[in-house]
2 protein chains.
Amino acid sequence: MSDEQLDLPVSADVFSAAQTIAGQVHTTPLMHSRQLDALSGASLHFKCEHLQKVGAFKARGACNALARLPEGTNLVATHSSGNHGAALAWAAARAGLGCRVVMPETAPLAKRVAVASYGAEIVLCGPSLADREAALARLVAETSAHVVPPFDDRRIIAGQGTVALEIMQQCREAGFNPDIVIAPVGGGGLLAGIGLAMAALDPGVMVLGAEPAGADDAQRSLRSGHLITSQQPNTMADGLRTTLGQRNFAVIRQTVRDIVTVSEAGIVEAMELLWTRTKQLVEPSAAVGLAAVLEHSARFRNKQVAVVLTGGNMDLDRACSLFSSREKIV
Amino acid sequence: MSDEQLDLPVSADVFSAAQTIAGQVHTTPLMHSRQLDALSGASLHFKCEHLQKVGAFKARGACNALARLPEGTNLVATHSSGNHGAALAWAAARAGLGCRVVMPETAPLAKRVAVASYGAEIVLCGPSLADREAALARLVAETSAHVVPPFDDRRIIAGQGTVALEIMQQCREAGFNPDIVIAPVGGGGLLAGIGLAMAALDPGVMVLGAEPAGADDAQRSLRSGHLITSQQPNTMADGLRTTLGQRNFAVIRQTVRDIVTVSEAGIVEAMELLWTRTKQLVEPSAAVGLAAVLEHSARFRNKQVAVVLTGGNMDLDRACSLFSSREKIV
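Here the structure is a predicted model, which is why all the values come from computation and not from measurement. Residue numbers restart at each chain and count upward from 1, following the sequence in its written direction. Chains and ligands are labelled sequentially in the order written, the chains with letters from A and the ligands with numbers from 1. Restriction of local features to residues with pLDDT of at least 70 applies here, the model being predicted, together with a cutoff of 80 or more for giving and counting side-chain atom pairs; totals for whole chains, interfaces and linings are based on all residues. Excluded from the side-chain calculations are hydrogens and water; all other atoms, namely the structure's heavy atoms, are used.

Participant: Could you clarify how one ought to interpret the nonpolar core in this entry?
Facilitator: What tends to happen in soluble globular proteins is that the nonpolar side chains get buried as a cluster. We define a nonpolar core as any set of buried Ala, Val, Leu, Ile, Met, Phe, Trp, Tyr and Cys residues linked to one another through side-chain atoms lying within 4.5 Å. Each residue is placed in one exposure class: buried if its accessible area under a 1.4 Å probe, protein chains only, is under 20% of its type's maximum, exposed if it is over 50%, and partly exposed if it falls in between. Counting 84 residues, the largest nonpolar core has Ile-182 and Trp-275 of chain A together with Ile-182 and Trp-275 of chain B as its most contacted members. The contact rule is simple, with two residues in contact once any of their heavy atoms fall within 4.5 Å. Among residues more than four places away in sequence, those in contact with Trp-275 of chain B are Trp-275, Leu-281 and Leu-316 of chain A together with Gln-280, Leu-281, Val-282, Met-314, Ala-319 and Phe-323 of chain B.

The structure is reproduced here in structure tokens:
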């Protein structure tokens, strides 16, 4: 599809989403660490979306999407092995809607427990993307459930973008303007939303994406000018293994300056720094922004940088195995 | 010494300390978790002192003590294998004073790095308390350094008590009055300070202490009515292994309703809940308040409870070994 055929979000959608979801999601804090400033040579402001409802920014998009359903919808569905499934389940419960989440049998027990705890019905399927899509298609055929996609959706992009409105307001209340906003990019819902918001609020703020070198489709797409839809992801950042969506790419190439990549060692180091210096438990995907600041430090030096910490949902045993295999930093 | 001979702190000292340290330490957030409320049957408000300067409430007392030094002091000293040493080093650097910290050779590297990073000189000694005291005595004889004790000190107790003034103000701003304030007790600086503050602010608020069953000298002291100064501590909560100070005991028996004890398994479970539900990385000693709420739940049910999270400084490898040996909870 060309951009004209896609139902592309615009900046006004983000402002509208902010009004829609106000009072349903948290205004998360913007956190500062003198130690990490000293280490990075930049002034870093961490937007704490791991403290958001359901432990991830995905609550924003899910809330916005459910307020904009086709009339008469009483059942929503998605496929997700991660935070979007939990967010949709949570938002559906609040809205009094039924919710089914297609999850691979291989999904961690903790994620299944989270989705189930919000009252959604889990439909298990095989591990491949094709398995998930087939299971979701069957479910829709049988139930007429309305599908809320995880990122390639106008309502979702607009909802995630509301985080940028808060960042701007919080920075201004603290007496400065951000030079750069950096966020991790997987499917691109968050990054596209931030790009749209910043284009309207202050086009002088540079919006950057960050992704693992082992899942660098967004960088390759942006630099080549066409959407790359296949990759063999090789990264611990499970939230960033998906490829960019069509709408997401269309928005990102208009509003995002660049995408930078980070190493796996850099992700573990950033996660450890966030744990030990800010006492914030974030998941690997959420540490990618700080990893980018540290691995590309010249680009950020002496700048006011807002870094989105996207989520904090992870298995403690998995975290510990990451740390026990790392190179030690002090 | 009798109470009359001790230089005991009074409530007014806490208010005075608050004025002294304002602007030097953080007003830490009061955090809330719907999931932990549901689990505990109480309304819990976590006072986040792990987000305090140097990662622990100890910054409060150190700041207050350094503002009240004998005239002409230009070198301070203490012995500490924990957060007090780092707090004194930090506060001394801010005040332009020299600082020496006696630490056992067995202290974790991370703690030594923290103290050194604030510019204090570390004096290594043997592992026993006698070794530490002898090393500190030698240092004082050689240098005339002024000793700032970790807890049994009027200025320190008053400084730590300032956390209670913030709790009260934050609760009232949020539209409720706490029924209970619970804090871990080791040497008793924090608990005595909170007791003094609450006695002045609202004697109707019940102040409780919490300690590991394997280091229950405070409970035994309070219940027997005389200070117990020997114990063989057996707990992972390294900040709570010391016995109660004289001044601390004198204040606590006047202002604290009771001390409850918790199991080691309870501490690990509380730490895991705080990590996974609130995404806050706290050290074992800091999890003891939540452990008490969960292990003595009848006492807290339907109450507004402020729980002090005292610190977040720990070795990640140590944390991971605690988790890998635990019973799993989901």
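Participant: I would appreciate a short explanation of the packing of helix 11 (residues 264-278) of chain A against helix 12 (residues 288-295) of chain A in the present structure.
Facilitator: Each pair of packed helices gets described by two things: the angle between the helix axes and the distance between those axes. Residue and element names in this part refer to chain A. Note on geometry: axes are C-alpha line fits, over the in-contact stretch for helices, and angles between N-to-C directions span 0 to 180 degrees. Counting from the N terminus, the helices are the DSSP runs of H or I reaching at least four residues and the strands are the DSSP runs of E reaching at least two. Close contact between helix 11 and helix 12 brings their axes to 8 Å; oriented N to C, the two are set at 110 degrees. Taken together, the axis directions place helix 11 and helix 12 in an arrangement best described as roughly perpendicular. In contact with Gly-266, Ile-267, Ala-270, Leu-273 and Leu-274 of helix 11, helix 12 contributes Val-288, Leu-290, Ala-291, Leu-294 and Glu-295. Taken together, the residues of the contact of helix 11 with helix 12 break down into eight nonpolar, one polar and one charged. Here roughly perpendicular refers to angles of 65 to 115 degrees, roughly parallel to angles under 35, roughly antiparallel to angles over 145, and oblique to all remaining angles. All amino acids are sorted into three groups, where Ala, Val, Leu, Ile, Met, Phe, Trp, Tyr, Cys and Pro are nonpolar, Asp, Glu, Lys and Arg are charged, and the leftover types, Gly among them, are polar.

Participant: Looking at this structure, I do not really get the domain arrangement of chain A. What am I missing?
Facilitator: The accessible area lost on association of the parts is a frequent measure of interface size. Residues and elements named next belong to chain A. Note: domain ranges come from an automatic or database domain assignment. As assigned here, chain A comprises domain 1 (4-56 + 155-328) and domain 2 (59-152). Look at where the C-alpha atoms of domain 1 and domain 2 centre, and you get two points 23 Å apart. Taking both sides of the interface into account, the surface hidden between domain 1 and domain 2 amounts to around 2300 Å²; carbon and sulfur atoms contribute 52%. Summed over the three residues of domain 1 that lose the most area to domain 2, namely Val-54, Arg-155 and Ile-156, the buried surface amounts to 35% of that side. When a carboxyl oxygen of Asp or Glu is within 4 Å of a side-chain nitrogen of Lys or Arg, the pair counts as a salt bridge. Remark: the boundary between domain 1 and domain 2 carries three salt bridges. Counting of polar contacts relies on pairs of N or O atoms within 3.5 Å, with two restrictions inside protein: one atom must be capable of donating a hydrogen and the other of accepting it, and residues adjacent in sequence are counted only when both atoms are side-chain atoms. Inspection of the region where domain 1 meets domain 2 yields 14 residue pairs in polar contact (both at pLDDT 80 or more). Top contributing element to the side of domain 1 that touches domain 2 by residue count: helix 7 (residues 154-173), with nine residues. Within the side of domain 1 that touches domain 2, the residues separate by chemical class into ten nonpolar, 17 polar and eight charged. Here the quantity called buried area is the accessible surface, traced with a 1.4 Å probe, that two parts lose on coming together, added over both.

Participant: Which parts of the structure should I look at to understand the pattern of salt bridges?
Facilitator: For side chains bearing opposite charge, pairing can occur when the charged atoms are close. Under the definition given, this model contains 22 salt bridges over all chains. One salt bridge connects Arg-60 of chain A with Glu-166 of chain A, and the closest N-O pair in it is separated by 3.0 Å. Highlighted residues: Arg-60 of chain A in helix 3 (residues 58-66) and Glu-166 of chain A in helix 7, separated in sequence by 106 residues. As far as the burial class goes, Arg-60 of chain A and Glu-166 of chain A line up, both buried. Put simply, Lys-47 of chain B and Glu-166 of chain B hold a salt bridge, and the shortest N to O gap is 2.7 Å. Of this pair, Lys-47 of chain B sits in strand 2 (residues 43-48) while Glu-166 of chain B sits in helix 7 (residues 154-173), and the two are 119 residues apart along the sequence. In this structure Lys-47 of chain B comes out as buried when scored by relative accessible area, which is 0%. Judged by relative accessible area, Glu-166 of chain B falls into the buried class, the value being 14%. One salt-bridge network, held together by shared partners, links Lys-47, Glu-49, Arg-60 and Glu-166 of chain A.

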